[in-house]
Amino acid sequence: MTDRGALLTRKTFEGGCDWRRILVDYSPWFILALLVFVGSVITPLFLTPGNLLNILQQSAIVGVLTLGQFLVILTSGIDLSVGSLLALSAMVGAVGLTHAGIAVGIALSAIVCGALGAISGLIVSRGGLPPFIVTFGMMAIARGAALTMTSGAPINLNGSALGVIGAGLWPESIWVLAILAIYFLLNRLGVGRHIYAIGGNIEAARVSGIKTSPLLVLVYGISGLCASIAGLVFMARSTVALPTSGVGYELQTIAACVLGGTDLFGGVGRLSGAVIGVVILTMLSNILDLTGVNPFWDYLVVGVTLWASVMLRSRLTVRR
Amino acid sequence: MSPRMENAGVKLASGNNAQSRRSSAAESSHFVRFIGRHALWPLLLALVAVAEFVSHGAFLQPRNLINILAQNSVAGTLAVGQTLVILTGGIDLSLGSVTALSSLVLLLLQEGGALEARLASLGVGLACGLLNGFLVTVGRVPAFIATLGMMQGALGLAFVVSGGYPIYENDHMAVFGELDQIGPVPLIVVVWLALAVAAWIFLSRTRFGASIYAVGGNERAARVSGVRTSRTKLLVYTLAGGCASIAGVILVNRLGYTQPTIGGSFTLDSIAPVVVGGTSLFGGVGGIWRTVGGVLVVGTLNNLMVLLGVNIYIEQAVQGIVVLAVVYSFIRVQRS
C-alpha cells in the first residue's frame, strides 16, 4: 500500500539478509496464503463465495476496532479499552435511539466514546502514565458505565431503523470507508508522518517541533471513535445492545496488528498489514468452525497466535 | 524502604523533562513527598470515619468488619501475587481468568477428594503462571501482552473444561478439615493474611525477595551485579499463578459454585489495591503491607457505596477512576 511502513521496517535489520527482510515485510500475505491453502484442503466449503463474503462480514466489526488500535500501537501505546468502549457505544447509542431517534443515538455514541478515548490520550500524554494502565482503567470505567446504564440488562432494538446497517453489505462497506479514511490520514496528511515519528522516538519528535500531546489525544480519540462505529454496527447486526459485549476484543485487535507486522514498540507498521491481520484471525476461527471444533477454543487460538507472532517478530528483527 | 522510594523518584523525574520544575519546587517537594508516601493510612482512617458517619454507626460493628475482610479475601489473595509481579516492574492481567480456570478444575475433580482437587487446581495455577513467566523472560514478550494472551487463553480453557456451564459443590469443602471459622473469624481471612505474612517474610528476609526489588529498581544493574533476573521473574509470575488458584479455593468456599466468566473483574480487583497502596507500577518500590492497606481502602470504599445504596454495577467504574487518579497523583508527587 505504502512504502512508509516498509522503509521503517528495513531500518530495524542489522545488515543484508534479504530473505529475512522479505519474510518479515510480507509475512501477513504469506500467512494469509497459507491459511487459504489449508482451508481449501480441509473443507470444500471454505473456498465458496458465500463463505468468503461471510469471513469479510465477520471481520468488519473487529476490523474497524483494529484501525484505532493500529494508530495507537504506532505511537508505541496500547488501547485495552476498545472492547468495553464498543459495549458502551452500543448502550449509549441504543438509549439515544429509543428516546430521540437514530441521529441522536449515533451522535451520542460518537461523542461519548470519542471523548473517553481522548481523555485516555490526555492522561497518557500529560500525566506520563503507561498507556496500558490508563486504558486498563478506562476499560473498567467504560464497562462499569455500560453495565450501570440499565443495571446490566440488554436493550432490545427490534424493528429499529438502525437495523439496516447491520444487514447486507453495510458492515463491510463501513469497514472499507474507515480504512480509506485512516489511509488518507496516514499518507496524505502531515499528521501521518508525525504519528510514525512519535512511535519511533517521542523525545526526538518533540524536539523537532511536533506537538506530541494534541497528537496523542487525537490518536486515542480516533480509537474511541472507531469503537463507537464498531459498537453501532455490532448493535445493528444483532438488533440488541448488550452491556457485556466486546469482551476480549482488545486482544483480537492487538493480535491482528502484530500479525500484520506492526511493532509493539511503535513507529513501524503498515495499515494493509493490520487489515490482513484481522482477516487472518477471522479466517482461522472460520476454518475451526467449518471443521466442527468447539468455538470456545477460539479464545485460546487467538492468545497463542499473539504470543507466537510477538516472539517471532522479536527474533526476526533487531531492537534499535 | 525510604531510600528505594527516593531512587525511584529521581529515576522518574530524570526520565522526563522535569528537571527545571524540580529545582523551582525543591522547597515544597520534601513535604509533598512525605504526604504522598504516608497518605495511605490517613486515607483509610478518613474513609472509615465517613462510612461510620454515613451508616449511623453500622460500619464499625464487628460483624460488618469481619464481613468486609471475608468479602475481600479473594481480591486480597490475588493482590499478594500481583504485588510480587508489579514489584519487578511487570503486570499480570491474567489473574482473574486463572482464578476462574483453577476453581473450575477444583470443582470438576471434587469427587476425588478435597486435598487432591486442591493440589490439582494449584498445579493448574502454577502452570499458567510459569507459562507467563516463560513468555516474559525467554520469549521476551512484554508482560502485559503475554498475560493478556493468558487472560484469553485461560478463559478459553475455562469454557472448554466446563462447557460454559456453572459447576456447583456437591458437598461443602471446608477450608481446613471440617473447619470454616475459628470463633467469629472466617478461615479464608486467615488464609489471606497468612499468605500476606509469608510474602512479607519472603520479600524482606530472603535473597529472592531482595532480588525482586533489585529487578524492579533497575533490571540491567541487577543483572550486572549478579542477580539472576530471569529466574526471579519466572518465580514471581509462577507464585502469582499459585495465588490465583488459592483465590479460587477461597472463592468456591464462599460461593459454593464457580463459572468460567466469574473472574471478569478480579484482575482489576487485584491491581487496584496494589496501586492504591502506593506500590510503583514501574517496579522496585512498595510492599505487601501497603497492598493489604490498599485492599482495606478499596473494600471500605465498596462497602461505603453499598451503604449509600449506589447501583452495584458502578463499582467497577469507580475502581477504574480510583486507579487512574491514584497512579496520576503518585506520578505527580514523585516528579514534584
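Residues numbered from 1 in each chain as written. Chains lettered and ligands numbered in written order. Predicted model: local features only at pLDDT ≥ 70, side-chain atom pairs only at ≥ 80, totals over all residues. Heavy atoms only, no water.

We now examine the overall build of chain A. A tally of helices and strands in chain A yields 14 helices and two strands. For chain A, whose C-alpha radius of gyration is 19 Å, the value lies close to the compact-globule estimate of 20 Å for 320 residues. Projected onto its principal axes, the C-alpha coordinates of chain A cover approximately 60 × 55 × 30 Å. Expressed as a percentage of the 320 residues in chain A, the buried residues total 56%. Separation between the mean location of the 17 positive side-chain charges and that of the 11 negative ones in chain A comes to 9 Å. (Helix = DSSP H or I, 4+ residues; strand = E, 2+ residues; numbered from the N terminus. Rg over C-alpha atoms; globule rule 2.2 N^0.38 Å. Buried < 20%, exposed > 50% of the residue type's maximum accessible area, 1.4 Å probe, protein only. Lys, Arg positive; Asp, Glu negative; His and termini not counted. Charge placed at Lys NZ, Arg CZ, Asp CG, Glu CD.)

Check the secondary structure of chain B and you find 16 helices and four strands. Relative to its full complement of 336 residues, chain B shows a buried share of 54%. Taking contacts inside chain B between residues at least 6 apart in sequence as the whole, the part at least 24 apart equals 77%. When the accessible surface of chain B is split by element, carbon and sulfur atoms take 66% of a total near 14400 Å². (Contact = heavy atoms within 4.5 Å. Areas by Shrake-Rupley, 256 points an atom, 1.4 Å probe, with all protein chains shown as cover.)

The next thing to look at is the packing of helix H6 (residues 73-87) of chain B against helix H14 (residues 266-276) of chain B. Residue and element names in this part refer to chain B. Remark: H6 packs on H14, axes separated minimally by 8 Å, with the N-to-C direction vectors making an angle of 65°. Relative to H14, H6 is oriented so that their crossing is right-handed. Counting all contacts with H6, which are made through Val74, Ala75, Leu78, Ala79, Gln82, Thr83 and Ile86, the residues of H14 involved are Phe266, Thr267, Asp269, Ser270, Ile271, Pro273 and Val274. Residues belonging to the contact of H6 with H14 are distributed by class as follows: nine nonpolar, four polar and one charged. (Axes fitted to C-alpha atoms, helices over the stretch in contact; angles between N-to-C directions. Left-handed = near helix turned anticlockwise from the far one by under 90°. Nonpolar A, V, L, I, M, F, W, Y, C, P; charged D, E, K, R; others polar.)

All names here are of chain B. Relative orientation of the contacting elements H6 and helix H13 (residues 229-255) amounts to 180°, with a least axis distance of 8 Å. Relative to H13, H6 is oriented roughly antiparallel. From H6, Ser73, Val74, Thr77, Leu78, Val80, Gly81, Leu84 and Val85 reach across to H13, where they touch Val236, Tyr237, Leu239, Ala240, Cys243, Ala244, Ile246, Ala247, Ile250, Leu251 and Arg254. Grouping the constituent residues of the contact of H6 with H13 by class yields 15 nonpolar, three polar and one charged. (Parallel < 35°, antiparallel > 145°, perpendicular 65-115°, else oblique.)

Residues and elements named next belong to chain A. The final tally for this structure, using the stated rule, is three salt bridges over all chains. Glu203 serves as the salt-bridge partner of Arg206, at 3.3 Å between the closest nitrogen and oxygen. Taken together, the residues span about one helical turn, with Arg206 and Glu203 both in helix H10 (residues 202-207) at a distance of three residues. Judged by relative accessible area, Glu203 falls into the partly exposed class, the value being 38%. (Salt bridge = Lys/Arg side-chain N within 4 Å of Asp/Glu carboxyl O.)

Another point: the interface of chain A and chain B. Listed per partner, the contact involves 41 residues of chain A and 44 residues of chain B. Surface buried jointly by chain A and chain B totals about 3700 Å² across both partners, of which 79% is contributed by carbon and sulfur atoms. Three residues stand out in chain A for area buried against chain B, namely Phe136, Phe296 and Trp307 of chain A, and they jointly supply 18% of the buried area on that side. Viewed at the interface, chain B and chain A are joined by zero salt bridges. Our count for the chain A to chain B interface comes out at five residue pairs in polar contact (both at pLDDT 80 or more). (Buried area = accessible area lost by both parts, 1.4 Å probe. Polar contact = N/O pair within 3.5 Å; in protein donor to acceptor, adjacent residues only side chain to side chain.)

All names here are of chain B. Residues of chain B with pLDDT of at least 70 account for 89%, and the chain-wide mean is 86. Contacts of residues 1-25 to residues separated by more than four positions or lying in other chains number 25 contacts, the stretch itself having pLDDT below 50. Under the prediction, the complex receives an ipTM of 0.84, its pTM being 0.87. (pLDDT = per-residue confidence, 0-100.)

What follows is about the packing of aromatic side chains. Overall, the coordinates contain six aromatic pairs over all chains when judged by the stated rule. An angle of 5° between the planes, with centres 5.1 Å apart, marks the rings of Phe132 of chain A and Phe144 of chain B as stacked. Of the two residues, Phe132 of chain A is situated in helix H7 (residues 131-149) and Phe144 of chain B in helix H9 (residues 143-162); the pairing between them involves two chains. Across the pair, Phe144 of chain B and Phe132 of chain A agree in class, each one buried. Seen from their ring centres, Phe234 of chain A and Tyr249 of chain A are 6.3 Å apart, and the 70° between their planes marks the pair as edge-to-face. Highlighted residues: Phe234 of chain A in helix H11 (residues 212-238) and Tyr249 of chain A in helix H12 (residues 249-259), separated in sequence by 15 residues. Residue class for Tyr249 of chain A comes out buried when judged on its relative accessible area of 17%. Here a set of aromatic residues connected by ring pairs shows up, and it is made of Phe296 and Tyr299 of chain A together with Phe159 of chain B. Note that Arg270 of chain A overlies the ring of Tyr26 of chain A, its terminal NZ or CZ placed 5.5 Å from the centroid. The cationic tip of Arg205 of chain B hangs over the ring face of Trp200 of chain B; the distance from NZ or CZ to the ring centre is 5.9 Å. (Phe/Tyr/Trp six-rings, centres within 6.5 Å; stacked < 30°, edge-to-face > 60°. Lys NZ or Arg CZ within 6 Å of the ring centre and 35° of its normal.)

Next up on the list: helix H13 (residues 271-290) of chain A. An α-helix turns once per 3.6 residues; consequently, residues spaced three or four apart project the same way. Residues and elements named next belong to chain A. Between its first and last C-alpha atoms H13 spans 29 Å; for 20 residues at 1.5 Å apiece the expected length is 28 Å, and the two agree. Judged by how many residues are buried, H13 sits mostly within the fold: 16 of 20 residues are covered. The positive-phi residue at the C-terminal boundary of H13 is Gly292, with phi of around 80°. (Expected span 1.5 Å × (residues − 1).)

To continue, consider the side chain of Ser280 of chain B. Residues and elements named next belong to chain B. With respect to the helices and strands, Ser280 occurs in the loop between H14 and helix H15 (288-307). You can call Ser280 buried: its relative accessible area is 10%. Engagement of the side chain of Ser280 in a polar contact is seen with the backbone nitrogen of Phe282, the distance being 3.0 Å. Setting aside residues no more than four positions away along its own chain, Ser280 makes contact with Ile86 and Val285.

Right, let's talk about unusual backbone geometry for a bit. One non-glycine residue with positive phi stands out, namely Ser76 of chain A, at about 65°. Among the structural elements, Ser76 of chain A can be located in the loop between helix H4 (49-74) and helix H5 (82-100). One non-glycine residue, Arg140 of chain B, adopts positive backbone phi at about 55°.

Turning our attention to helix H14 (residues 297-316) of chain A. The first and last C-alpha atoms of H14 of chain A sit 28 Å apart over 20 residues, in line with the 28 Å expected at 1.5 Å per residue. When we look at burial in H14 of chain A, the residues that qualify are Leu300, Val302, Gly303, Thr305, Leu306, Trp307, Ser309, Val310, Arg313 and Ser314 of chain A.

Looking now at a nonpolar patch on the surface. Residues and elements named next belong to chain A. Among the surface-exposed residues, Trp19, Ile22, Leu23, Tyr26, Trp29 and Phe30 lie close enough to one another that they form a single nonpolar patch of about 660 Å² accessible area. Of all the secondary structure elements, the ones that give two or more residues to the nonpolar patch are helix H2 (18-25) and helix H3 (27-42). The element contributing the most residues to the nonpolar patch is H2, with three residues. (Patch = residues over 30% accessible without salt bridge, like charges linked within 9 Å, V, L, I, M, F, W, Y side chains within 5 Å.)

When pLDDT is averaged along chain A, the result is 87; 91% of the residues meet or exceed 70. Low pLDDT, under 50, characterises residues 1-13 of chain A; the stretch is placed with 32 contacts to residues that sit more than four places away or in other chains.

Our focus in this paragraph is the side chain of Glu250 of chain A. Position of Glu250 of chain A among the secondary structure elements: in helix H12. Although Glu250 of chain A is buried, it makes no salt bridge; Arg143 of chain A carries the closest opposite charge, 5.9 Å away. In this structure, Glu250 of chain A is in contact with Gln69, Asp79, Leu80, Val82, Gly83 and Met139 of chain A together with Met151 of chain B, ignoring residues within four places of it in sequence.

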